[in-house]
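Residue-level listing of the chains:
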Amino acid sequence: MIIDCHGHYTTAPKALEDYRKRQLEEFGTPGHAPAKGEVAISDDQIRASLESAQLRMQRERGTDLTIFSPRASAMGHHLADATTNRFWSEHCNELIQRVCGLYPDNFVGVCQLPQTPGVRLANCIAELERCVNEFGFIGCNLNPDPSGGYWTDPPLTDRWWYPLYEKMVELEVPAMIHVSGSCNPNFHATGAHYINADTTAFMQLLTADLFSDFPTLKFVIPHGGGAVPYHWGRYRGLAQDMGRPPLGELLLDNVFFDTCVYHRPGIELLLKVIPADNILFASEMVGAVRGIDPESGHPYDDTKRYIDSIDWLAPAEREKIFRGNVERVYPRFARRARLA
Ligand SMILES: [Zn+2]
């Protein structure tokens, strides 16, 4: 079984985007009281939005199941207030629940959290509980910078985030560390802000003792870990200079990387530098890069093809990357698989 740990509902029917547009327009209106309202999308519309995209690609590329969450670039935590963002997250997550209900063999849910810059995490905890306990979701996406490129909230290792981590540990769910859109014109969202955030999060984790406080807390750093595997020597050296433990001991029981790196040399480097126990297969399809690489004739984001082509990868390691590690990182998935 091949599990893609990183997929977003980027092809959701337009009514979802229209809802958010309306919501944000009304948000600026004086005296407006936000209400959850409706997003009218039929099951047939959901089926149509997936059959021609994610489901077709699963079949064509030979993957089985995608860990599926709302569109990350549309989370837009910086755009409104806590109540508005709560309603938006609830709708996005409810749509993922419907996708997983229609295609239980193809998708398992991960939730968007209703974060808002400078706002404590009570709404996020409530929504995480709802999605895990009521919808059967197995994880969440945690935005380390809900300000959208200005980094106004404390680092991920600050006690600010601890109430959420306590709930994640209690529920046995990991978080993928995943920013949303960028409102800072210096940072292109998927080309710079995403990769910056992956790198930044890793460095924050390296400099603090978060995992002494939460030994079972787990994070997936997406997009191949940003700059981290490429600069692994820098991070090892920085840790050493700071008197920190070796990275394996310090972080690798808790931090995992996905394979959303869109060329073979990058994947090869990731597999050489990071232990197979810490790598989870992912493609982020349909996602940031949708084109065909003219050099190979294949989609950039068909990451399975790169892994398949690496003949020095031992079969046991390949199995961990494609499936086994998911069961370690997402205990709720493992439980679900055992019950099936
Ligand atoms: Zn993503």
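Just so it is clear, the structure is predicted and the values come from calculations on it, not from any experiment.

A. Region of interest: the overall build of the protein. A tally of regular secondary structure across the protein gives 14 helices and eleven strands. In terms of C-alpha radius of gyration, the protein reaches 19 Å, essentially the compact-globule figure of 20 Å for 340 residues. Taking the principal axes of the C-alpha coordinates as reference, the protein spans close to 60 × 45 × 45 Å.

B. A look at unusual backbone geometry. With an omega dihedral of 0 degrees, the bond running from Met285 to Val286 counts as a cis peptide bond. Note that Val286 resides in the loop between strand S9 (279–280) and strand S10 (292–293). Positive phi is not limited to glycine here, since Trp151 has a value of about 50 degrees. Turning to its location among the elements, Trp151 is positioned in the loop between strand S5 (140–142) and helix H6 (162–171). You can call Trp151 partly exposed: it has 16 C-beta atoms within 10 Å. If you check the backbone angles, Glu284 has positive phi at about 55 degrees while not being a glycine. For Glu284, a count of 26 C-beta atoms within 10 Å gives the class buried.

C. Here's a closer look at the nonpolar core. Counting 77 residues, the largest nonpolar core has Val99 and Leu280 as its most contacted members. Looking at which element gives the most residues to this core, the answer is helix H7 (residues 189–207), with six residues. Filtering out sequence-adjacent residues up to four positions away, Val99 remains in contact with Tyr9, Ile46, Leu50, Phe68 and Phe107.

D. Structural view of the sheet that holds strand S6 (residues 175–177). Reading across from one edge, S4-S5-S6-S7-S8-S9 is the order of the six strands in this open sheet, with parallel pairing throughout. Of all the strands in the sheet, just strand S4 (111–112) and S9 have a single pairing partner and so form its edges. Relative to S5, S4 runs parallel, the two being bridged by two bridges. Each residue of the ladder has a partner; that of Cys111, found in S5, is Cys140.

E. Spotlight on the packing of helix H2 (residues 43–51) against helix H4 (residues 82–102). The contact between H2 and H4 brings their axes to 11 Å, and the two run at 80 degrees. Of the possible angle classes, the one that applies to H2 and H4 is roughly perpendicular. For the pair H2 and H4, the contacting residues are Asp43, Ile46, Arg47 and Leu50 in the first and Arg98, Val99 and Leu102 in the second.

F. Inspection of the pairing of strand S1 (residues 3–9) at higher detail. Across the seven residues that make up S1, a large majority, seven, are buried. Relative to strand S2 (residues 65–70), S1 runs parallel, the two sharing five bridges. Residue His8 lies in a different strand from S2, and its bridge partner there is Ser69.

G. Region of interest: H2. Among the residues of H2, Ile46, Ser49 and Leu50 are the ones counted as buried. Down the axis of H2, the buried side of the element spans an arc of 90 degrees, and every buried residue falls inside it. Along its buried surface, H2 packs onto helix H3 (54–61) and H4.

H. Looking closely at the sheet that holds strand S3 (residues 107–109). Taken together, three strands build an open sheet; the order of strands is S1-S2-S3 and the sheet is parallel. Edge positions in the open sheet fall to S1 and S3, since each of these has one partner strand only. Averaged over neighbouring strand pairs, the angle between their axes works out to 35 degrees when direction is ignored. Both S2 and S3 contribute to a ladder of three bridges, which runs parallel. Across the sheet, Thr66 pairs through a bridge with Phe107, a residue of S3.

I. Structural detail: the environment of His77. Assignment of secondary structure puts His77 in the loop between S2 and H4. For the pair formed by His77 and Pro117, sequence separation is 40 residues and the distance between their alpha carbons is 7.1 Å. In contact with His77, not counting residues within four places along its chain, are Asn85, Gln115, Thr116, Pro117, Asn143, Pro146, Gly148 and Ser180.

J. Seen up close, the pairing of strand S8 (residues 255–258). Alternating residues of S8 divide into Val255 and Phe257 and Phe256 and Asp258, and every residue in both groups is buried. Here three bridges tie strand S7 (residues 219–221) to S8, and the two strands are oriented parallel to one another. Looking across to S8, one finds that Val220 is bridged to Phe256. Two elements, S8 and S9, share two bridges in a ladder whose sense is parallel. Looking at S9, one finds that Asp258 is bridged to Leu280. This β-α-β element, S8 to helix H11 (residues 264–273) to S9, shows right-handed connectivity.

Parameters at a glance
Residues numbered from 1 in each chain as written. Predicted model: local features only at pLDDT ≥ 70, side-chain atom pairs only at ≥ 80, totals over all residues. Helix = DSSP H or I, 4+ residues; strand = E, 2+ residues; numbered from the N terminus. Rg over C-alpha atoms; globule rule 2.2 N^0.38 Å. Buried ≥ 20, exposed ≤ 12 C-beta atoms within 10 Å, placed from the backbone. Core = buried A, V, L, I, M, F, W, Y, C linked by C-beta atoms within 7 Å. Contact = placed C-beta atoms within 7 Å. Pairing = 2+ DSSP bridges. Axes fitted to C-alpha atoms, helices over the stretch in contact; angles between N-to-C directions. Parallel < 35°, antiparallel > 145°, perpendicular 65-115°, else oblique. Arc of directions from axis to C-beta. Right-handed = clockwise from strand over helix to strand, strands pointing away.

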